[in-house]
Structure formats: C-alpha cells, structure tokens
Amino acid sequence: MSILKIYYPEDTHPQPSTSVETPPPMILPFERGSLKKPRSQQQDWVINRARTIFKNHKCPDCSSSAVAPLELRDGLLNRKNRPIPGTSTVVGFRCESCDTEWPA
C-alpha cells in the first residue's frame, strides 16, 4: 500500500534525495474549502423546518393543537432504504380535529 502525500504548491522545501529512483508524484487537483459546507449552512434547513412547524402548531380555525404536517416524499433514506424522520419537505398542515388544511 502506498502513502498518499499532500502537495502544497507554496511549499518550497527541497525533497531529501534517496538512492532508489521514485516516479514523480501524481498531483490530484481539488479546490480548497469545497469539501465541506460551513456548519451554519448545514443546519439552516433544520432550523427553518422547526420554525415552520412551530409557527403552525395551532389550527387557524378551531385553535386545536392536534396538527399534523403534510410532507413530500423527498426525505433522506437510511441504509435500509427507509425514510429518515424529519428530513422531508413540509408543504402544509392538517388539523386532526376539524380537517382544515393550510399551506406552510
């Protein structure tokens, strides 16, 4: 197994000479900072979903708190190909008491 070495173009340190001739290193291009999003951007959709559900926790007609979110089937799937709760897009709400529906 070979060891992956990181190459920095700014690095100007000379490489130590070895007695065995080694092939030149293969440089894999990648953009800096493109591997991960900032943590605040990753959690924005979670916060927005929670705020939407909280704003609509009461029925506008009967003021009942028996409200269920209406979700699309676009949520993330786990390893067993089952939907992960809380990852679907909320498009509306439905009151369980008076059957009123309203958009999110």
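For the structure itself, look to the data block above.
About the criteria used
Residues numbered from 1 in each chain as written. Predicted model: local features only at pLDDT ≥ 70, side-chain atom pairs only at ≥ 80, totals over all residues. Heavy atoms only, no water. Helix = DSSP H or I, 4+ residues; strand = E, 2+ residues; numbered from the N terminus. Buried < 20%, exposed > 50% of the residue type's maximum accessible area, 1.4 Å probe, protein only. Contact = heavy atoms within 4.5 Å. Areas by Shrake-Rupley, 256 points an atom, 1.4 Å probe, with all protein chains shown as cover. Core = buried A, V, L, I, M, F, W, Y, C linked by side-chain atoms within 4.5 Å. Pairing = 2+ DSSP bridges. Axes fitted to C-alpha atoms, helices over the stretch in contact; angles between N-to-C directions. Salt bridge = Lys/Arg side-chain N within 4 Å of Asp/Glu carboxyl O. Polar contact = N/O pair within 3.5 Å; in protein donor to acceptor, adjacent residues only side chain to side chain.

Each helix and strand in the chain was counted, giving 1 helix and 3 strands. Of the regular secondary structure in the chain, the N- to C-terminal order runs α-β-β-β. Within the chain, buried positions represent 12% of all 104 residues. Considering only contacts within the chain whose residues lie at least 6 apart along the sequence, 44% involve residues at least 24 apart. Of the roughly 9800 Å² of accessible surface on the chain, 56% is carried by carbon and sulfur atoms.

Further remarks concern the environment of Ile53. Looking at the element boundaries, Ile53 is found in helix α1 (residues 39–55). Assessed through its relative accessible area of 29%, Ile53 is described here as partly exposed. The spacing of Ile53 and Phe93 is 40 residues in sequence and 8.6 Å in space, taken between C-alpha atoms. Contacts of Ile53, omitting those with residues within four sequence positions, involve Val90 and Phe93.

What follows concerns the nonpolar core. Among the nonpolar cores identified, the biggest contains 5 residues, and these are Cys59, Val90, Phe93, Cys95 and Trp102. For this core, the element with the highest residue contribution is strand β2 (residues 90–95), accounting for 3 residues.

Spatially, the 3 strands line up as an open sheet ordered β1-β2-β3, and their pairing is antiparallel. The sheet is open, and its two borders are formed by β1 (67–71) and β3 (101–103), each paired with just one other strand. In this sheet, adjacent strand axes meet at a mean angle of 30° when their direction is disregarded.

Take the pattern of salt bridges next. Taken as a whole and judged by the stated rule, the model has 4 salt bridges. Notably, a salt bridge pairs Glu71 with Arg49, separated by 2.2 Å at the nearest N-O pair. Remark: Arg49 occurs in helix α1 and Glu71 occurs in strand β1; sequence separation between them is 22 residues. Judged by its relative accessible area of 15%, Arg49 is buried. For Arg94, the salt bridge goes to Glu101, with nearest N and O atoms at 3.7 Å. On the basis of relative accessibility, which here comes to 24%, the residue Arg94 falls in the partly exposed class. Looking at Glu101, the relative accessible area reads 51%, which means it is exposed.

Here we come to the side chain of Arg49. A distance of 3.0 Å separates a polar side-chain atom of Arg49 from the backbone oxygen of Ser88. Setting aside its immediate chain neighbours within four residues, Arg49 contacts Glu71, Gly86, Ser88 and Val90.

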